[in-house]
Amino acid sequence: MSINWLQRALPYLPKNVLNASTNPASGKGFYRVVLTRSAIGLPKESQRTLEALGLNKRMSVVLHPHSADTAGQLLRVKELVKVDNIYGNDLVQGRVRSISGPSSGFENIGNSQDRRRW
Amino acid sequence: MFSSSVNLGGLVRKVPWRLSSTRKFRVRERLRDVDQNIQAIKDSGVQFKRLDVASALPSESAMPPRDKYFTFNKNSPTYRKGVHKVPKWTKITQRTNPAGF
């Protein structure tokens, strides 16, 4: 595994990886967690667990470094999320280009009001 | 909300006795998703007791249909009811039943 894999991968990663990079776990990867079902109607604990994981909307994606603490949180909401493991090599070698999935094909080039010519 | 009979002018909540094949397909999908999540967490190399408990759950392929689509109910003569009668049944794990049932 490249030493600077995290540095090189950073442009592709959401902001919370910066917190992980201050505490690099060598040889360990990340959980990529997608919220697929909301916790509406479930006990407050489930809703708060999602909040603690940083999942506020359906289809939101977060990365968390591998740890037993995070794994326990994920187990609590295992019916609501999709969990993948991502390793540094996946990022460096381009197997995972984008954490949040493939691009939509559209790019925001600005506000229509800013581009008005009259 | 309670249901009451039509000839009493009430509302009948039409929860079917058994799941349709499409709904059963979705049940299996959800079970597999949970299996994959547990496997992913195991693959990450962490170890703790709750993970052992979760790993000990029967996987979707190992579960008999009787457990996938039905669950224990002490009030029914067969001690079973449709799993879709459990509140929030698509968002909870309900795989094991009391020993002997």
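Look up: the structure comes first, before these words.
Anyway, here's the lowdown on the structure attached to this text. None of the values given here were measured: they were computed from a predicted structure. For every chain, the first residue of the written sequence is number 1, and numbering continues from 1 onward in sequence order. Chain letters start at A and ligand numbers start at 1, both assigned in the order the entries are written. Totals for whole chains, interfaces and linings use every residue, but because this is a predicted model, local features are given only for residues with pLDDT of at least 70 and side-chain atom pairs only at 80 or more, for both listing and counting. Just so you know, side-chain values use all the structure's heavy atoms and leave hydrogens and water out.

Quick word on the side chain of Ser44(B)
- Labels follow the DSSP assignment, with helices taken as runs of H or I lasting at least four residues and strands as runs of E lasting at least two, numbered in each case from the N terminus. Examined against the element boundaries, Ser44(B) turns out to sit in the loop between helix H1 (21–43) and helix H2 (49–55).
- The rule is simple: take the accessible area with a 1.4 Å probe, protein chains only, and divide by the maximum for that residue type; under 20% is buried, over 50% is exposed, in between is partly exposed. The exposure class assigned to Ser44(B) is buried, which follows from its relative accessible area of 10%.
- Filtering out sequence-adjacent residues up to four positions away, Ser44(B) remains in contact with Tyr31(A), His66(A), Asn85(A) and Tyr87(A). Only heavy atoms matter for contacts: two residues are in contact if any of them lie within 4.5 Å across the pair.

With respect to the sheet that holds strand S2 (residues 61–65) of chain A
Residues and elements named next belong to chain A.
- Taken together, 3 strands build an open sheet; the order of strands is S2-S1-S3 and the sheet is antiparallel. The open sheet has two edge strands, S2 and strand S3 (81–86), and neither has a second partner. Within this sheet the neighbouring strands show an average axis-to-axis angle of 25°, counted without direction.
- Across 6 bridges, strand S1 (residues 30–35) lies against S3 in antiparallel orientation. Opposite Tyr31, over in S3, you have Asn85 as the bridge partner. Note on pairing: DSSP must find at least two bridges between two strands before they are called paired. Axis angles are defined between N-to-C directions and span 0 to 180 degrees, where every axis is a line fitted to C-alpha atoms and, for a helix, only to the segment in contact.

Some points on the pattern of salt bridges
All names here are of chain A.
- Whenever a carboxyl oxygen of Asp or Glu lies within 4 Å of a side-chain nitrogen of Lys or Arg, that contact is scored as a salt bridge. Within this structure, the stated rule accounts for 8 salt bridges over all chains.
- Here Asp84 ties to Arg32 by a salt bridge, and the two come within 3.1 Å at their closest N and O atoms. Here Asp84 is found in strand S3, whereas its partner Arg32 is found in strand S1, with 52 residues between them in sequence.
- Assessed through its relative accessible area of 23%, Asp84 is described here as partly exposed.

Here we look at unusual backbone geometry
- With a phi close to 70°, Met59(A) is a non-glycine residue in the positive phi region.
- Take Met59(A): it is sitting in the loop between helix H3 (44–53) and S2.
- The class of Met59(A) is partly exposed, set by a relative accessible area of 48%.
- Here Tyr79(B), not a glycine, exhibits a phi torsion of approximately 60°, which is positive.
- With respect to the secondary-structure elements, Tyr79(B) resides in the loop between strand S1 (70–72) and strand S2 (80–82).

Such coordinate-based values are descriptive only and should not be taken to indicate function.
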